[in-house]
Amino acid sequence: MKVRGEGVGMAQERADDDEAERGTVVTPSAEFPPLAPDERAALRRIGDRWRSPRRPDELPVDPTLGRNGRRPAPSRFGRLAPIEMFTVEKPDELVASAPAQLPGSRLGRGLTRLRQALFGPPLRSSAVLYERMRKLVALPILSSDLLSSVAYGPEALLTVLVLAGSGALGLSLPLAALLVVLMIAVGVSYRQTIPAYPHGAGSYIVAGDNLGATAGLAAAAGLMLDYVLTVSVSVAAGVHAVTSALPGLAPATVPLGVLVIAVLLAGNLRGVRTAGNIFVLPTYAFVATLVALLVVGYLRAAGRGFAPAPPPAVPAAEGLGLLLVLRAFASGAVSMTGIEAVSNAVPAFRPTEWRNARTTLGWMVGMLVVLFAGLVVLIHLAGLAPRPDQTLLSQLGRVTFPTGPWYPLLQATTALILLLAANTAFNDFPRLLFFMAREGHAPRRFLHMGDRLAFSNGLVALSLAAAVVFVVFGGHTESLIPLYAVGVFLAFTLSQAGMVVHWRRRRGRGWHHRLALNAIGAALSGLVLVTAAVAKFAEGAWVVVIAVPLLVLLFRRIHRHYAALHQALALHPPPPAGAASRAGPAEGEELPQEVRHLVIVPVARLNRASLRALAYAASLGQPTLAVHIAPEDAEADRFREQWRAWGDHVRLETIVSPYRTVIGPLAHYLEALHAARAELTLTVIVPEVVLRRRWHRLLHSRAEQRLRSALRALPGVVVTSVPVHISD
């Protein structure tokens with residue numbers, strides 16, 4: 001991006017133009033990137049030399065499928081209203097209707113209707129603009145992870161401090177104050193990032209744009225691990241809250257967690273807007289319940305003059321030192337996971353996207369600071385300490401609401417928000433994969449939008465990865481949290497460091513202040529990153545430390561493959577006349593007058609299928625060769641006699657295979673033919689019997705499928721089938 005404006009407004013306009021040129025807007029057309037200027041020029045030069053034997057409009061059938069319409073004919077049910085599969089909305093353009101999307105088989109149609117019943121009917125591509133979120137819906141969807149972390153963030157902080165005895169619990173207040181400073185610094189930093197990158201301000205884009213591709217991939221790897229762990233940890237914490245209230249369900253922890261992940265997947269596959277409507281109420285209910293808890297708790301504390309109650313006596317298991325304090329700080333920092341969700345999901349907002357996203361982020365950070373600081377101080381005033389049998393939030397609820405329905409409501413909303421906190425990852429993980437796939441660092445299938453305009457492949461990938469992690473760790477939250485902070489704070493650090501470079505490059509009015517804010521965010525995030533990596537290395541953080549470089553290596557290998565593929569498939573100017581016919585391989589031919597054909601028909605026996613394939617080959621008007629593989633000389637002689645009886649209309653070559661194999665000798669023979677004349681395009685026409693019933697396939701060798709697989713690797717070979725349908 002080249003942004004040198006005099007403020008956020010000018011930067012926004014320049015950024016919009018630059019991003020539009022790069023095609024970063026999230027649309028269903030992202031799977032089909034436009035041609036580069038040099039490729040367009042090469043395409044014109046190829047077209048100038050194109051010589052087709054027929055005119056483009058010389059077709060034996062009307063491609064518009066009878067644009068003037070046909071009279072209705074009776075259907076099998078006696079009705080006169082046939083379903084129109086294609087409609088005309090523009091000249092020379094057909095539009096497939098909804099019935100045209102259904103498979104031809106009865107089973108396929110049944111499965112499609114079942115999928116639509118579960119996830120909703122398919123949406124038109126033009127509906128992508130209507131699937132975006134307004135701020136009141138985006139806030140609970142994108143903040144569920146961030147706000148739910150206050151249910152376990154303070155406890156993670158105190159659980160480490162209590163190792164030094166109950167006397168060390170007083171350090172929770174200064175540590176919480178430092179965490180609040182970190183929250184505000186990182187939150188304000190991301191508020192600056194959003195207008196600077198209005199089409200998606202995730203760490204992958206910011207770090208890659210300013211620090212280089214490796215930094216961007218490292219940030220992406222950290223975020224991907226964070227999103228997978230977000231789902232696993234949130235579901236584990238939610239299931240733990242449920243099993244705490246209903247101990248009889250404790251043995252079913254793992255199946256319950258997998259079921260919750262499946263439900264979240266199903267809800268998100270219904271589309272962004274539908275999923276938002278499903279998940280809005282639990283988040284707002286949790287926030288309202290926590291606000292009520294804080295108000296009542298502080299009123300009770302005011303009644304006793306805000307005098308803190310003494311905590312229960314807990315013997316020290318470790319000495320109070322700097323390392324333990326840093327571990328406690330890093331553990332409490334898990335309350336910030338999810339703060340980047342808004343910057344990643346800017347394209348999911350309604351216009352003006354970046355402005356609505358920045359406002360939503362401001363609300364999220366404000367709510368996080370109030371809830372986190374309020375809970376830590378209230379826990380200190382109530383004199384509570386972590387217990388293995390009950391969460392701190394549950395203890396605080398019992399103290400604050402000794403009677404009435406508020407305590408069960410607090411537990412219910414906490415369980416819901418913890419379970420649904422994973423939904424933030426379901427919004428951002430597929431979008432991150434979309435951006436990576438657009439740059440060639442992830443499989444291109446993640447560019448595809450499903451029936452409901454959701455990134456279905458990314459959603460399924462996240463669900464599978466999270467389910468595997470959840471099952472491997474047995475659904476234990478305490479085993480997963482040590483892996484949590486390293487990945488997300490790696491992304492925070494690289495993103496904020498990238499913004500420092502961004503402001504130094506772009507400058508503009510007030511850039512010194514913006515750079516200073518991002519520098520503070522980078523320094524604090526880096527401190528948490530180093531602390532978490534060192535202090536929690538033996539507890540499991542080593543997994544993330546090793547996984548990040550391995551993922552970066554994987555992303556680079558994927559990019560290398562796509563770069564080689566693009567180089568091989570990119571359009572290049574045609575060679576001088578006659579050059580291709582003298583040298584180049586058949587796969588390099590891009591002009592019809594340069595293609596030299598040899599049609600080959602493998603014939604096992606002379607029957608209706610093989611004769612139809614021979615007739616089709618002869619109708620092409622190209623040199624044709626038939627090949628027969630015989631297990632012995634006697635059978636070869638018999639076949640040649642039958643061939644002469646047929647009339648010997650096509651040149652026949654027989655190959656004796658004394659070891660009785662067919663596919664290998666035929667494939668090697670074709671390879672030898674191609675090696676003898678590299679400029680030839682070998683078109684292999686295979687007769688194929690199409691069976692109506694699936695179980696009939698077990699009665700046949702399916703040699704044509706094996707031949708197709710063997711020939712696929714040969715360059716300059718085209719394999720086509722001539723089907724013969726069997727009705728029974």
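Only a predicted model underlies this, so the values are computations on that prediction, with no experimental measurement involved.

K.L.:
Please explain the overall build of the protein as it appears in this structure.
P.N.:
Scanning the protein from N- to C-terminus turns up 26 helices and 7 strands. Per-residue burial over the protein gives 48% buried out of 728 residues. For the protein, the proportion of contacts with a sequence separation of at least 24, taken over those separated by at least 6, is 79%. Of the roughly 35900 Å² of accessible surface on the protein, 62% is carried by carbon and sulfur atoms.

K.L.:
Please clarify how the packing of aromatic side chains should be interpreted in this entry.
P.N.:
The geometry of two aromatic rings is summed up by the distance between their centres and the angle between their planes. Inspection of the entire model under this criterion finds 8 aromatic pairs. Taken together, a centroid distance of 5.1 Å and an interplanar angle of 40 degrees make the contact between F434 and F455 tilted. One end of the pair, F434, is in helix α16 (residues 422-438); the other, F455, is in the loop between α16 and α17 (456-472), and 21 residues separate them in sequence. Members of the aromatic cluster, connected to one another through ring pairs, are Y190, F489 and F492. A cation over a ring is seen here: R514 above W503, with NZ or CZ 5.4 Å from the ring centre.

K.L.:
Help me out: how do you make sense of the pattern of salt bridges in this one?
P.N.:
In a structure, side chains of opposite charge can pair up when their charged atoms sit close to one another. Evaluation of the coordinates by the stated rule reveals 6 salt bridges. Residues R327 and E318 are paired through a salt bridge, measuring 3.3 Å at the closest nitrogen-oxygen approach. Judged by its relative accessible area of 14%, R327 is buried. Residue E318 is classed as partly exposed on the basis of its relative accessible area, which comes to 33%. Where D637 meets R640, a salt bridge forms, and the shortest distance between an N and an O atom there is 2.5 Å. Highlighted residues: D637 and R640, both in helix α24 (residues 633-646), separated by 3 residues, approximately one helical turn. Look at D637 and you get partly exposed, because its relative accessible area is 42%.

K.L.:
Can you walk me through the nonpolar core in this structure?
P.N.:
Nonpolar side chains in soluble globular proteins tend to be buried together. Of all hydrophobic cores here, the largest spans 151 residues; its most connected members are L142, V231, V235, L290, M436 and F489. If we ignore the near neighbours within four places in the chain, the residues touching F489 are L182, A333, M336, S525, V528 and L529. L598, I655, A667 and V684 belong to the second-largest nonpolar core, a separate cluster that totals 18 residues.

K.L.:
Quick question: what am I supposed to make of the sheet that holds strand β7 (residues 717-726) here?
P.N.:
In a beta sheet, neighbouring strands pair by backbone hydrogen bonds and run either parallel or antiparallel. With parallel pairing, 5 strands are arranged side by side in an open sheet as β5-β4-β3-β6-β7. This sheet does not close on itself; its edge strands, each paired only once, are β5 (651-656) and β7. Neighbour-to-neighbour, the strand axes of this sheet turn through a mean angle of 25 degrees, independent of strand direction. Alignment of strand β4 (residues 624-630) against β5, held across 6 bridges, turns out to be parallel. Bridging from a neighbouring strand, L625 pairs with R651 of β5. Here helix α23 (residues 608-619) sits on the sheet and contacts β3 (596-602), β4, β6 (680-691) and β7; the angle it forms with β7, its principal contact strand, is near 135 degrees.

K.L.:
Sorry, what's going on with the packing of helix α6 (residues 172-196) against helix α20 (residues 511-535) here?
P.N.:
Any two packed helices are characterised by the angle at which their axes cross and by the distance between the axes. Here α6 crosses α20 at 130 degrees, and the two axes come no closer than 9 Å. One way to sum up the angle between α6 and α20 is to call them oblique. Crossing of α6 over α20 shows left-handed handedness. Contacts from V181, L182, A185, V186, V188, S189, Q192 and T193 in α6 reach H513, R514, L517, N518, I520, G521, L524, S525 and V528 in α20. Looking at the contact of α6 with α20, its residues break down into 9 nonpolar, 7 polar and 1 charged.

K.L.:
Can you help me understand α17 in this one?
P.N.:
It helps to recall that an α-helix has 3.6 residues per turn; residues three or four apart then point in one direction. Taking 1.5 Å as the rise per residue, α17 with 17 residues should run 24 Å; its terminal C-alpha atoms sit 24 Å apart, in good agreement. Those residues of α17 lying buried are S456, G458, L459, L462, S463, A466, A467, V469 and F470. Down the axis of α17, the buried set is contained in an arc of 165 degrees. They therefore lie on one face. For α17, the exposed residues lying more than 90 degrees away from the buried face are L464, V468 and V472.

K.L.:
Sorry if this is basic, but what is going on with unusual backbone geometry here?
P.N.:
As a rule of thumb, non-glycine residues mostly have phi less than zero, and peptide bonds are mostly trans rather than cis. Here the residue pair P351 and T352 is connected by a cis peptide bond, since its omega of -5 degrees sits within 30 degrees of zero. Not every positive phi belongs to a glycine, and F306 is a case in point at roughly 55 degrees. With respect to the helices, strands and loops of the structure, F306 is situated in the loop between α10 (272-303) and α11 (322-332). In this structure, D648 is a non-glycine residue whose phi angle is positive, near 55 degrees. Here D648 lies in the loop between α24 and β5.

K.L.:
Sorry, what's going on with the pairing of β6 here?
P.N.:
Looking along a regular strand, one sees the side chains alternate between the two faces of the sheet. Counted residue by residue, β6 has 10 buried out of 12 residues, so it is predominantly covered. Examined bridge by bridge, β3 and β6 share 5 bridges and lie parallel to one another. Opposite I600, over in β6, you have V684 as the bridge partner. Bridge analysis of β6 against β7 gives 10 bridges, and the strand direction is parallel. Counted as the bridge partner of I685 is T720 from β7.

K.L.:
Help me understand the environment of F555 in this model?
P.N.:
Relative to the assigned elements, F555 resides in helix α21 (residues 537-569). A relative accessible area of 4% places F555 in the buried class. When the C-alpha positions of F555 and L217 are compared, they lie 7.3 Å apart, and in sequence the two are 338 residues distant. With sequence-adjacent residues up to four places away left out, F555 is seen in contact with L217, A221, M224, M436 and H441.

K.L.:
How do you make sense of the packing of helix α13 (residues 353-382) against helix α14 (residues 392-400) when you look at a structure like this?
P.N.:
It is the contact of α13 with α14, at a shortest axis distance of 11 Å, that shows an interaxial angle of 60 degrees. Judged by the sense of rotation from one axis to the other, the crossing of α13 with α14 is left-handed. Between α13 and α14, the contacting residues are L375, L378, I379 and A382 on the first element and L392, L393 and L396 on the second. Of the residues that constitute the contact of α13 with α14, the class distribution is 7 nonpolar, no polar and no charged.

Rules of the game
Residues numbered from 1 in each chain as written. Predicted model: local features only at pLDDT ≥ 70, side-chain atom pairs only at ≥ 80, totals over all residues. Heavy atoms only, no water. Helix = DSSP H or I, 4+ residues; strand = E, 2+ residues; numbered from the N terminus. Buried < 20%, exposed > 50% of the residue type's maximum accessible area, 1.4 Å probe, protein only. Contact = heavy atoms within 4.5 Å. Areas by Shrake-Rupley, 256 points an atom, 1.4 Å probe, with all protein chains shown as cover. Phe/Tyr/Trp six-rings, centres within 6.5 Å; stacked < 30°, edge-to-face > 60°. Lys NZ or Arg CZ within 6 Å of the ring centre and 35° of its normal. Salt bridge = Lys/Arg side-chain N within 4 Å of Asp/Glu carboxyl O. Core = buried A, V, L, I, M, F, W, Y, C linked by side-chain atoms within 4.5 Å. Pairing = 2+ DSSP bridges. Axes fitted to C-alpha atoms, helices over the stretch in contact; angles between N-to-C directions. Parallel < 35°, antiparallel > 145°, perpendicular 65-115°, else oblique. Left-handed = near helix turned anticlockwise from the far one by under 90°. Nonpolar A, V, L, I, M, F, W, Y, C, P; charged D, E, K, R; others polar. Expected span 1.5 Å × (residues − 1). Arc of directions from axis to C-beta.

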